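Tertiary structure, described
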Amino acid sequence: MAMEGRFHFYEGYGMKEVTFPIRVMYELGITTLFVSNASGGMNPEFRIGDLMIITDHINMFPEHPLRGHNFPTGPRFPDMHEAYDHKLVALADEIAKEKNIRVMHGVYMGVQGPTFETPAEYRMYHKMGADAVGMSTVPEVIVARHSGIKVFGVSVITDLGGFDVPVKVSHEEVQEAANAAQPRMTEIMREMIKRS
Ligand code: HPA
């Protein structure tokens, strides 16, 4: 099952709506979720167009997707120590190496948007332990993990923030960088599906 796009919190959807597709996937018996997004890189080693395999996340959304009655798909207080499956990360690394595709690893911070970050915000998020920041993904991953679905995630670094010289970001640049990186990401994911 594949989704074309997603529901974002900044569009005005509630967390239950943002994560509803994951509930549907669970009911249909999906056991592994592949997520992707575009993000602003704050790790000085990152370049625009890099693929960052998400190794962990920081949830900065103002509302939690599991707030309210607990769904019987998982416990009230779900464990999040391996939100992104280590075996799938290793498999992606192996495939990227074989295919000579540059991949970085990093922590993704999920924020509500819709503003891109101020230079001070990028610096703060980097100090807090994030390598990239974006406006999606974390709610879906939380609901998937609560439902016992394994997760693999890739973030395309579409712009950079938090460095000495602040750079302007636009939606058009983000889309352009994401489109350019997509074939590399798809190649890795297609091979992962074949081998797992
Ligand atoms: N910040 C937040 N979300 C984003 C960014 C960013 O710099 N780039 C793409 N999505």
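What counts, and at which threshold
- Residues numbered from 1 in each chain as written.
- Predicted model: local features only at pLDDT ≥ 70, side-chain atom pairs only at ≥ 80, totals over all residues.
- Heavy atoms only, no water.
- Helix = DSSP H or I, 4+ residues; strand = E, 2+ residues; numbered from the N terminus.
- Rg over C-alpha atoms; globule rule 2.2 N^0.38 Å.
- Contact = heavy atoms within 4.5 Å.
- 1 Å grid on protein atoms, 1.4 Å probe; cavity = no way out; pocket = protein on both sides within 12 Å on 5 of 7 lines; lining within 4 Å.
- Points joined across faces, edges and corners; volume = space filled by probe spheres on them.
- Nonpolar A, V, L, I, M, F, W, Y, C, P; charged D, E, K, R; others polar.
- Near = heavy atom within 4 Å.
- Polar contact = N/O pair within 3.5 Å; in protein donor to acceptor, adjacent residues only side chain to side chain.
- Areas by Shrake-Rupley, 256 points an atom, 1.4 Å probe, with all protein chains shown as cover.
- Sits in = over half its atoms within 2 Å of the grid points.
- Pairing = 2+ DSSP bridges.
- Axes fitted to C-alpha atoms, helices over the stretch in contact; angles between N-to-C directions.
- Salt bridge = Lys/Arg side-chain N within 4 Å of Asp/Glu carboxyl O.
- Buried < 20%, exposed > 50% of the residue type's maximum accessible area, 1.4 Å probe, protein only.

1. Notes on the overall build of the protein chain
A count of helices and strands for the protein chain gives six helices and five strands. Counted from the first residue to the last, the protein chain has its helices and strands arranged as α-α-β-β-α-β-α-β-α-β-α. The C-alpha radius of gyration computed for the protein chain amounts to 16 Å, which stays within 12% of the reference 16 Å derived for 196 residues, consistent with globular compactness. With respect to the three principal axes, the spread of C-alpha positions in the protein chain is 50 × 40 × 30 Å. The long-range fraction of contacts in the protein chain, counting pairs at least 24 apart against all pairs at least 6 apart in sequence, stands at 85%.

2. A short note on the layout of surface pockets
One number sums up the size of the largest pocket: a volume of about 1,600 Å³. Gly5, Arg6, Val35, Ser36 and Asn37 are the residues nearest the centre of the largest pocket, which is lined by 47 residues in total. Elements supplying a minimum of two residues to the lining of the largest pocket: helix H2 (20-27), strand E1 (32-41), helix H3 (86-98), strand E4 (132-134), strand E5 (150-160) and helix H6 (171-195). By residue number, the principal contributor to the lining of the largest pocket is H6, which donates 10 residues. Of the residues assigned to the lining of the largest pocket, the class counts are 23 nonpolar, 16 polar and eight charged.

3. Some words on the site of the ligand
The full set of residues close to the ligand is Ala38, Ser39, Gly40, Phe116, Glu117, Tyr122, Val133, Gly134, Met135, Thr158, Asp159 and Val174. Here an oxygen atom of the ligand and a side-chain polar atom of tyrosine 122 are 2.6 Å apart. Aspartate 159 places a polar side-chain atom, nitrogen or oxygen, 2.6 Å from an oxygen atom of the ligand. Burial of the ligand by the surrounding chains reaches 96%, relative to a free accessible area of 260 Å². Of the pockets mapped on this structure, the ligand occupies the largest pocket. Elements with a contribution of two residues or more to the shell around the ligand: E1, E4 and E5. It is E1 that provides the largest number of residues to the shell around the ligand, a total of three residues. Counted by class, the shell around the ligand contains six nonpolar, four polar and two charged residues.

4. Digging into the sheet that holds E4
Strand order around the closed barrel formed by five strands is E1-E4-E3-E2-E5, with mixed pairing between neighbours. On average, adjacent strands in this sheet sit at an angle of 50° to one another, irrespective of strand direction. Running at roughly 155° to E5, H6 makes contact with E1, strand E2 (51-59), strand E3 (103-110) and E5 of the sheet.

5. Side note on the pattern of salt bridges
The tally for this structure, following the rule as stated, stands at seven salt bridges. Ionic pairing is found between arginine 195 and glutamate 98, a salt bridge with its closest N-O pair at 2.7 Å. Of this pair, arginine 195 sits in helix H6 while glutamate 98 sits in helix H3, placing them 97 residues apart in sequence. For arginine 195, a relative accessible area of 35% puts it in the partly exposed group. What you see here is one network of salt bridges that share partners, running through Glu94, Glu98, Glu191, Lys194 and Arg195.

6. Re the environment of asparagine 43
By the element assignment, asparagine 43 lies in the loop between E1 and E2. By relative accessible area, asparagine 43 is classed as buried at 14%. The contact partners of asparagine 43, leaving out residues within four places of it in the chain, are His126, Asp131 and Phe163. For asparagine 43, the side chain forms a polar contact with the main-chain nitrogen of glutamate 45, separated by 2.9 Å. Separated by 3.1 Å, the side chains of asparagine 43 and aspartate 131 make a polar contact.

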